Amino acid sequence: PAEFLVKTVKPKYSHLGPKYKEKAKHITQALETQDPHLLYEQLQKKKEVILVLDDGKIRLTSDDFDIVEHEKPQFAKATVEDVTLFLDTTITPALEAEGLARELIRRIQSMRKEVNLAVEDQIITEIALDPTKQAALEAWKEHIKDETRSKSVMFVDTPTGVLRKKWMIDELSVDIGIRK
């Protein structure tokens, strides 16, 4: 699963101290400025890392480091017994639109309760939100309509209705108006 993992190295501090004595601190400081993944690559290719310090060069080998594996940022890793699974956690625009549609449905249903509507009561729903999100939600309009018992769901600049509320969904401001 190399495509899911990044390999880096971290210095073996307990090994560097006794080996390099007073130079260990300077070596550690120099290593902190390096990219740990590039250090790993260098050790794989050249079998050594050469550090230039004020008082000369130091040659480090793989014995001076521990190899560390971690999943790439967009992956989550789970290991059960001897099976390792990687899950791609990338949020695609389609997934984001689906999540937003679910959040809107939740808010509209809450508003229906607030005005004591009967389950079978049909409503008109007006929603104001960022135009780029509106475009993404076009495919979800029918679903929102069905789930909220709306005769119509419209994207407008300023919603009207018997109940109008502003909601924050993550960092997105949404204004919703409902009426019978």
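See above for the structure.
Residues numbered from 1 in each chain as written. Predicted model: local features only at pLDDT ≥ 70, side-chain atom pairs only at ≥ 80, totals over all residues. Heavy atoms only, no water.

Trainee: What should I look at first to understand the environment of Leu 39 in this one?
Mentor: Among the secondary structure elements, Leu 39 is positioned in helix α3 (residues 36–46). Each C-alpha atom of the pair Leu 39 and Lys 7 lies 9.7 Å from the other, and the pair is 32 residues apart in sequence. The residues contacting Leu 39, other than those within four sequence positions of it, are Val 9, Leu 31, Gln 34 and Val 49. (Helix = DSSP H or I, 4+ residues; strand = E, 2+ residues; numbered from the N terminus. Contact = heavy atoms within 4.5 Å.)

Trainee: Just checking my understanding: could you explain the nonpolar core for this structure?
Mentor: Nonpolar side chains in soluble globular proteins tend to end up buried together. Leu 104, Ile 127 and Ile 176 are the most contacted members of the largest nonpolar core, which totals 21 residues. The set of elements that each furnish at least two residues to this core consists of α4 (93–114), β7 (123–128), β8 (150–155), β9 (163–169) and β10 (172–179). Those residues in contact with Leu 104 that lie beyond four places of it in its chain are Ile 127, Leu 137, Ile 144, Ile 169, Val 174 and Ile 176. Judged by nonpolar contacts, the second largest core, of 16 residues, contains Leu 16, Tyr 20, Leu 31 and Tyr 40. (Core = buried A, V, L, I, M, F, W, Y, C linked by side-chain atoms within 4.5 Å. Buried < 20%, exposed > 50% of the residue type's maximum accessible area, 1.4 Å probe, protein only.)

Trainee: Please clarify how α3 should be interpreted in this entry.
Mentor: Side chains three or four residues apart in an α-helix point the same way, a direct result of the helix having 3.6 residues per turn. Among the residues of α3, those classed as buried are Leu 39, Tyr 40 and Leu 43. Looking straight down α3, one finds that the buried residues subtend no more than 100° of arc, so they occupy a single side. Residues of α3 that are exposed and point over 90 degrees away from its buried face: Leu 38, Lys 45 and Lys 46. Its side-chain oxygen placed 2.7 Å from the backbone nitrogen of His 37, Asp 35 serves as the N-cap of α3. Looking one or two places after α3, you find Lys 47, whose phi comes out positive at around 65°. (Arc of directions from axis to C-beta. Polar contact = N/O pair within 3.5 Å; in protein donor to acceptor, adjacent residues only side chain to side chain.)

Spatial relationships are all this shows, so hold off on functional conclusions.
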